[in-house]
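# Observations on the model geometry
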Amino acid sequence: MRRHEHLYYVLDQPEISDAEYDASMRRLRELEAEHPELVTADSPTQRVGGKPREGFVKVRHSSAMLSLDNALNEGELRDFDRRVRDLLAGEPYQYVAELKLDGLSMAAHYEDGRLRLAITRGDGRVGEDVTENARTIRALPLRVSGKLPRFEVRGEVIMLTKNFQQLNADRETQGLPRYANPRNSAAGSLRMLEPSITASRQLDFFAYLLLVDGKPYSMSHWESLLLLQEMGFKVNPKNRCCPDVGELFAFCQEMESRRDSLPYEIDGVVAKVDSIAQQDNLGWTAKAPRWAIAFKFPARQEETVVDNIEVQVGRTGALTPVAHLRPVFISGVTVARATLHNEDEIQRLDLHIGDTVLIERSGDVIPKVVRVTRQGGERRPFQMPKLCPVCEGDVVRAEGEAASRCINSNCPARLKETILHYAARGVMDIDGMGDVLVNQLVDRGMLKSVADIYQLTLEQLLQLDRMGKKSAEKILANIQRSRSQPLPRVLNGLGISFVGERTAQILANTFGSLDEIEQADEAALQTADEVGPKVAESIRRFFHEHHNKELVERLREAGLQFMQEIHKPAEGPLTGKTFVLTGTLPTMTREEAKARIEAAGGKVTDSVSKKTHYLVAGEAAGSKLTKAQALGVQVVDEAALLNLIGVN
Ligand code: IVH
């Protein structure tokens, strides 16, 4: 199985069909199930074994993983060569030229032939232990043969272009943000807390450095690449020995012209002096080796005209301006659209409809506008619409936010998302109302509004794919049960920007009814804890929007909980005082301290603001302490707190 894994994932020369491979893998699994004592950590079945983690442990590299200096054109490449020649004072030398893969670098440590530790580059000195995730990369052997008892392989983790495009297409249908380029998606995928997600991303690994005790192993870099290949690592077959700078530059040009036919993104060529003795002679600057250079390819750019700017509404209600371009061919792909992200971006570019612009394609199929190269004769400015192009609901751009949003909860563009949020666990808790069901209900027009949930009938549900009577009845019962969810959940369910679980609770507890909140002006709203101008404005705008008003009325008719008793805090010596806790207190846990403050009539909030009266700081207090000091908030310790309460 190891041999076939190597043939398939490293050499790209399988000898058996995928079906045969899968069958053998199944057989191996069966055997291992029968004989669990024979399962080893480096078995091909054990690539995804790790459990989800909380975070990554930091690990120091054996020697720094520094970056490379760049050469942006032939002249700079020749300058580099001249420096090498001068420093080597007449010695003959040659280069190894490698493709500069656009991914992220990783160090893999082996001991006794087994993969033991994989570390991301991090800041170059300290990276993160991603061993569990790296094990899922099939091109990275879990076990190698050879005479080296301990060694380290450094190389590039990448995602093939086709996997990247598929991933982005999947994310788009799931309403998730796209990754900007294969590098970001490789980096994101390697840092998943859940190794099975990393496995599903099908990352790849190309080795470019072999170290023993943090130092190059062979006396020639080319030889170490051959050795890596023999040991079973994937080494790029396009790498080439170049006897002089002329051939080196020719290689760069050749690769640049073949760039689009490669199955992965490259952003240049890395040239390294082959002899390790000469590398040592040349040495390092503070941030990069003097014996290597990255020849960077220019971005793939073309000029074209912006014929129009259309506004699209995403699943979260965000309005995205998209440039319609006069179609232009950029390295193998016809480009007719480019995202402009938001209003600020258009302003920054000073882009008007009719302008000629420079378009760049970088990895992703979605290109970007670099700059305006010529202003159009009859250029028209772009204006973000005041009403949503899909539903004519109000469009709002919150202070400090780049995105403009449609705030109609029932806007068809965002309806699925709104309903999923409304029905989610911890919100209205309508079990069974997930992706599959909501997609069907909205697509068949059975839900045009969140409020329609309460009008669904058994007959309607039974028309849906794979819906039996039992499950339909269960869903109706769950819907029925949601009518008694308390006010904070209803508020949260409405999907008002900046109003999540906590703010909803505070609002409900301050005002006692949805009607009070709906009628409160911004000043009144801000009397609630933790509600500042931004949140208050968002709430007021929401209830001002006429579709939302209608939604609220329909939910009222459906019999939802619009009222709640205001829970009055205890009266005591701390009444009217607001506290924030930080650091470790000498005798009390945070929970205890909070309970005692509340029992004495005080309030405890999460973050320090001008409204905070006291910061209770224990050991290892961090940014909250700094902030409290900056705002002039009184800082007390545990003993002083107990004094305030009147215990001592
Ligand atoms: S050599 C000192 N070789 O480019 C040696 N790097 O700016 C440094 N890269 O962080 C690395 N392909 O992520 C080397 N064949 C290759 C490479 C390569 C891609 C990346 C690597 C590094 C960055 C250097």
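Heads up: these notes are all about the structure in this document. Just so you know, the residues in each chain are numbered from 1, in the order the chain's sequence is written. Residues qualify for local features only when their pLDDT is at least 70, as the model is predicted, and side-chain atom pairs are given and counted only at 80 or more; totals for whole chains, interfaces and linings, by contrast, use all residues. By convention in this description, side-chain values take in all heavy atoms of the structure and omit both hydrogens and water.

### Looking at the site of the ligand
Whether a residue is near a molecule or strand depends on its heavy atoms: it is near if one of them lies within 4 Å of it. In the neighbourhood of the ligand, 14 residues make up the surrounding shell, with Leu 68, Glu 98, Lys 100, Glu 156 and Lys 272 lying closest. Within the side chain of Glu 98, a nitrogen or oxygen atom sits 2.6 Å from a nitrogen atom of the ligand. Any N or O atom pair separated by 3.5 Å or less is treated as a polar contact, with the protein-specific requirement of one donor-capable and one acceptor-capable atom, and with residues adjacent in sequence counted only for side-chain atom pairs. A distance of 3.4 Å is found between a nitrogen atom of the ligand and a backbone nitrogen or oxygen belonging to Leu 99. Per-residue accessibility takes into account occlusion by the displayed protein chains alone, with areas from the Shrake-Rupley method and a 1.4 Å probe. Protein coverage of the free-state accessible area of the ligand, which is 510 Å², stands at 88%. Each helix is a run of H or I in the DSSP string that is no shorter than four residues. Each strand is a run of E no shorter than two, and both are numbered from the N terminus. Sorting the residues of the shell around the ligand by element identifies strand 3 (95-101) and strand 11 (266-273) as the ones contributing at least two each. Per-element tally for the shell around the ligand: the top contributor is strand 3, with four residues. Charged means Asp, Glu, Lys or Arg here, nonpolar means Ala, Val, Leu, Ile, Met, Phe, Trp, Tyr, Cys or Pro, and polar covers whatever is left, Gly included. Residue classes in the shell around the ligand are distributed as eight nonpolar, two polar and four charged.

### Some remarks on the sheet that holds strand 7 (residues 150-158)
As summarised here, the arrangement of the five strands in space is 5-4-7-8-9, forming an open sheet in which the pairing is antiparallel. At either end of the open sheet lies a strand with only one pairing partner, and these are strand 5 (114-120) and strand 9 (215-216). Two strands are said to pair when DSSP picks up at least two bridges between them. In this sheet, strand 7 lies alongside strand 4 (residues 104-111) in antiparallel orientation, the contact comprising eight bridges. The partner of Tyr 110 across the bridge, within strand 7, is Phe 151. Every residue pair with non-hydrogen atoms within 4.5 Å of one another is taken to be in contact. Under this scheme, a helix contributes an axis fitted over its contacting stretch, all axes are lines through C-alpha atoms, and angles between N-to-C directions fall in the 0 to 180 degree range. Across the face of the sheet, helix 6 (residues 182-190) comes into contact with strand 4, strand 5 and strand 7 while running at roughly 40° to strand 4. Against the sheet, helix 8 (residues 221-231) contacts strand 7 and strand 8 (204-212), and its axis sits at roughly 120° relative to strand 8.

### Examining the pattern of salt bridges
For side chains of opposite charge, pairing can occur when their charged atoms come near one another. What makes a salt bridge here is a side-chain nitrogen of Lys or Arg within 4 Å of a carboxyl oxygen of Asp or Glu, nothing more. All told, the structure shown has 44 salt bridges when counted by the stated rule. As a salt-bridge pair, Asp 42 and Arg 143 come within 3.3 Å of each other at their nearest N and O atoms. One end of the pair, Asp 42, is in the loop between helix 2 (18-34) and strand 1 (58-60); the other, Arg 143, is in the loop between helix 4 (131-134) and strand 7, and 101 residues separate them in sequence. With a relative accessible area of 3%, Asp 42 lands in the buried category. Relative accessible area serves as the criterion here: at 37%, Arg 143 is assigned to the partly exposed category. Sharing partners across several salt bridges, the network here consists of Arg 2, Asp 42, Arg 114 and Arg 143. Only protein chains enter the calculation, and the probe is 1.4 Å; a residue is then buried if its accessible area is under 20% of its type maximum, exposed if over 50%, and partly exposed in between.

### A look at the nonpolar core
By size, the foremost hydrophobic cluster in this structure holds 54 residues, and its most contacted members are Met 433, Ile 453 and Leu 507. Beyond its immediate stretch of four places on either side in the chain, Leu 507 contacts Leu 491, Val 499, Gly 512, Ile 517, Leu 525, Ala 528, Val 531 and Ile 539. We call a set of buried residues a nonpolar core when its members are Ala, Val, Leu, Ile, Met, Phe, Trp, Tyr or Cys and they connect through side-chain atoms within 4.5 Å of each other. Ranked by size, the runner-up nonpolar core spans 35 residues in total, among them Phe 56, Val 153, Ala 186 and Leu 203.

### Some details on the pairing of strand 5
Looking along a regular strand, one sees side chains alternate from face to face of the sheet. Where strand 4 lies against strand 5, six bridges are found, and the strand directions are antiparallel. Note that in strand 5 the partner of Ala 108 across the bridge is Ala 118. Connecting strand 4 to the antiparallel partner strand 5 that follows it, the hairpin turn spans two residues, and Asp 112 within it adopts a positive phi of roughly 50°.

### Things to note about the packing of aromatic side chains
Stacked, tilted and edge-to-face are the three classes applied to pairs of Phe, Tyr and Trp rings, where Trp contributes its six-membered ring and a pair requires centres within 6.5 Å; stacked means planes under 30 degrees apart, edge-to-face means over 60, and tilted covers the rest. Counted by the stated rule, this structure contains 13 aromatic pairs. Look at Tyr 8 and Tyr 9: their rings are 4.7 Å apart centre to centre, the planes differ by 70°, and that puts the pair in the edge-to-face class. We classify Tyr 8 as partly exposed; its relative accessible area is 33%. For Tyr 9, a relative accessible area of 24% puts it in the partly exposed group. For the ring pair Tyr 422 and Tyr 454, a centre distance of 6.5 Å and an interplane angle of 80° mean the geometry is edge-to-face. Here Tyr 422 is found in helix 12 (residues 415-423), whereas its partner Tyr 454 is found in the loop between helix 13 (435-443) and helix 14 (458-462), with 32 residues between them in sequence. Both residues of the pair, Tyr 422 and Tyr 454, count as buried. Grouped by ring-pair contacts, the aromatic residues Phe 80, Tyr 93 and Tyr 95 constitute a single cluster.

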